[in-house]
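Each chain, letter by letter, is given below.
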Amino acid sequence: MKNKHNINKNLNNVKYIVTRASKPIKGNIIVPGDKSISHRAIMFGSLSNGVTNIKGFLEGYDSLATLQAFREMGVSIYGPKNNKLCISGVGIYGLKNPNKQLYLGNSGTSMRLLTGLLAGQKFDTTLTGDKSLNNRPMKRIANPLKLMGAKIKTDKKGLPPLQIIGKRLKGIKYIMPIASAQVKSCLLLSGIYAKGETKIIEKGLTRDHTERMLKNFGYKLRKKDKTITLVGGSNLQASKIKIPSDISSAAFFLVAASIVPKSELLLEKVGINPTRIGVINILRRMGADIKLLNKKNWSNEPVADIKIKFANLKGIDIPIDQVPLAIDELPILLVAAANAEGITRLRGAEELRVKESDRISVMARGFKTIGVQNKVYEDGIDIIGAKKYKGGYIKSYGDHRVSMSFAIAALRSTDDIIIDDCINVSTSFPNFKTLLNNLGIKIKEVKY
Ligand code: S3P
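Since we're looking at a predicted model, the values are computed, not measured.

## Some words on the UniProt feature "binding site: phosphoenolpyruvate" (unreviewed entry) in the protein chain
Here is step 1: Mapped onto this structure's residue numbering, the UniProt feature "binding site: phosphoenolpyruvate" (unreviewed entry) falls at Lys35, Gly108, Arg136, Gln182, Arg359 and Arg401.
Here is step 2: Within the element layout of this structure, Lys35 appears in helix H1 (residues 35-47).
Here is step 3: Every residue in contact with Lys35, bar those within four places of it in the chain, is listed here: Leu58, Asp62, Asp246, His400, Arg401, Thr427 and Ser428.
Here is step 4: Relative to the elements of secondary structure, Arg359 occurs in helix H10 (residues 359-370).
Here is step 5: For Arg359, a relative accessible area of 1% translates into the label buried.
Here is step 6: Sequence-distant contacts of Arg359, defined by excluding residues within four places in its chain, comprise Asp328, Pro331, Leu352, Arg353, Asp399, His400, Arg401 and Val402.

## Re the sheet that holds strand E1 (residues 14-18)
Here is step 1: Strand order in the open sheet made by the four strands is E23-E24-E1-E25, with mixed pairing throughout. Only two strands of the sheet have a single partner each, and these edge strands are strand E23 (392-394) and strand E25 (443-447). Across the sheet, the mean angle from the axis of one strand to that of its neighbour is 20 degrees, orientation sign disregarded.
Here is step 2: Where E23 and strand E24 (residues 417-419) come together, three bridges link them in parallel fashion. Residue pairing for E24: Tyr393 is matched across the bridge by Ile418.
Here is step 3: Strands E23 and E24 of the sheet are contacted by H10, whose axis makes an angle of about 170 degrees with E23.
Here is step 4: Contacts from helix H11 (residues 400-409) reach E1, E23, E24 and E25 within the one sheet, and its direction differs from that of E24 by about 170 degrees.

## Concerning the site of the ligand
Here is step 1: The environment of the ligand is made up of Ser36, Arg40, Thr109, Arg112, Ser180, Ala181, Gln182, Arg207, Ile327, Asp328 and Lys355.
Here is step 2: Here an oxygen atom of the ligand sits 2.6 Å away from a polar atom, N or O, in the side chain of Arg40.
Here is step 3: Within the side chain of Asp328, an N or O atom sits 2.6 Å from an oxygen atom of the ligand.
Here is step 4: Sorting the residues of the shell around the ligand by element identifies H1, helix H3 (108-118) and helix H5 (181-193) as the ones contributing at least two each.
Here is step 5: For the shell around the ligand, the per-class residue count stands at two nonpolar, four polar and five charged.
Here is step 6: Counting residues domain by domain, the shell around the ligand receives three or more from each of domain 1 (4-33 + 244-447) and domain 2 (35-242).

## A word on H5
Here is step 1: Helix length check: H5 (13 residues) gives 19 Å between terminal C-alpha atoms against 18 Å at 1.5 Å per residue, within 8%.
Here is step 2: Across the 13 residues of H5, 13 count as buried, placing the element largely inside the fold.
Here is step 3: The opening residue of H5, the one whose side-chain oxygen lies 3.3 Å from the backbone nitrogen of Gln182, is Ser180.

## Digging into the environment of Gly348
Here is step 1: Looking at where Gly348 falls in the secondary structure, it is placed in the loop between strand E20 (343-346) and H10.
Here is step 2: With a relative accessible area of 28%, Gly348 lands in the partly exposed category.
Here is step 3: For the pair Gly348 and Ile320, spaced 28 residues apart in the sequence, the C-alpha separation amounts to 5.9 Å.
Here is step 4: Beyond its immediate sequence surroundings of up to four residues, Gly348 is in contact with Ile320, Val323 and Asp379.

Reading guide: rules and limits
- Residues numbered from 1 in each chain as written.
- Predicted model: local features only at pLDDT ≥ 70, side-chain atom pairs only at ≥ 80, totals over all residues.
- Heavy atoms only, no water.
- UniProt positions renumbered as here; feature names shortened; annotations may be inferred.
- Helix = DSSP H or I, 4+ residues; strand = E, 2+ residues; numbered from the N terminus.
- Contact = heavy atoms within 4.5 Å.
- Buried < 20%, exposed > 50% of the residue type's maximum accessible area, 1.4 Å probe, protein only.
- Pairing = 2+ DSSP bridges.
- Axes fitted to C-alpha atoms, helices over the stretch in contact; angles between N-to-C directions.
- Near = heavy atom within 4 Å.
- Polar contact = N/O pair within 3.5 Å; in protein donor to acceptor, adjacent residues only side chain to side chain.
- Nonpolar A, V, L, I, M, F, W, Y, C, P; charged D, E, K, R; others polar.
- Domains from an automatic or database assignment.
- Expected span 1.5 Å × (residues − 1).

Laid out in structure tokens, this is it:
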């Protein structure tokens, strides 16, 4: 699959070799900017009138894929430099036909959100991605978009490449069958281009960065309980966006500090949006020692420093309502579970099967390799806390969060853990290895 693996098609792949932590993990760290917010900042900045300045942008392949797509559609974007971007917005009707297919690498968020905003353009587009992205379900967006009058072609199984034929759209009322922020955001973006009102009724609470950012860009939107309503045709006004650190990236360090005795870490300026803090709620229930300090607000998003100390974790039944609020952190939470006393049960997490990999199977296989007992269900997994487990060779299936989860698991394994296919860690967390090295952890990267 060389040449099809990521946005930078010329890179070699890498393996990680990670050694058990020999001492407590201590210090202050800053993890990179929030991926979800970075995507949205480019999208809304590009579609607005005026110049948008962004600080704290994630320079990972996923958000860079979105950036590149807007450049191909004629938007002038300066940077990124030191995580700063300056976007000269073209207005909601100012995008140009890219006249070539847009390659979105590994990024589901780029593909699903872009489809929403491209469905109502005056030109046609084709979206494609790497092997993993081209295997991810798109009917979840194509079906409601068709109800709005869009024309989206997928293959027979509903998979990308997506061919989007620009159409006039009309607003709809849509009751979401799955809890998905990507589907919700896709429909809100197409709603901007639709005639009349678009009303979305959520199945469960999911991340609300799109709603918050629409407000930053001066777009009116109503939200009542699980119903979000907007009317198409208004303009977006340029804004200033300061992006907090990504709680999904912070999660690896929250678990690292929780499982290595005597550790203590301060994670600075992390986004603590209530729709993203499932990982904190779940870890606290397992007995983690977490304090939120220095709370503030950046561009309509709550931010805090997170202090975390080692604690003796216990297994729990993960509350189902927390699953969408921790959807990207479930793999690393399973590593916390492997180091806890007793059984942890995860259910209602069938969405994990259609992420960058089938995260239930891939995590289960990895755990089996290192001797952590588990039982797989269609919508989840039971992890039997092991406290002691061995090293081994883990296949990550190119899934960034699986790679990073097993790197953290290695901090407590008796022998080294070797993880293959780790290049996609750069989709969300380009300096993961450097930050671990800076904390005194032995993680080696081997090119192959
Ligand atoms: C995201 C939403 C989630 C999440 C993904 C980012 C977003 O996906 O897993 O990493 O930025 O909207 P779903 O909406 O498919 O659950």
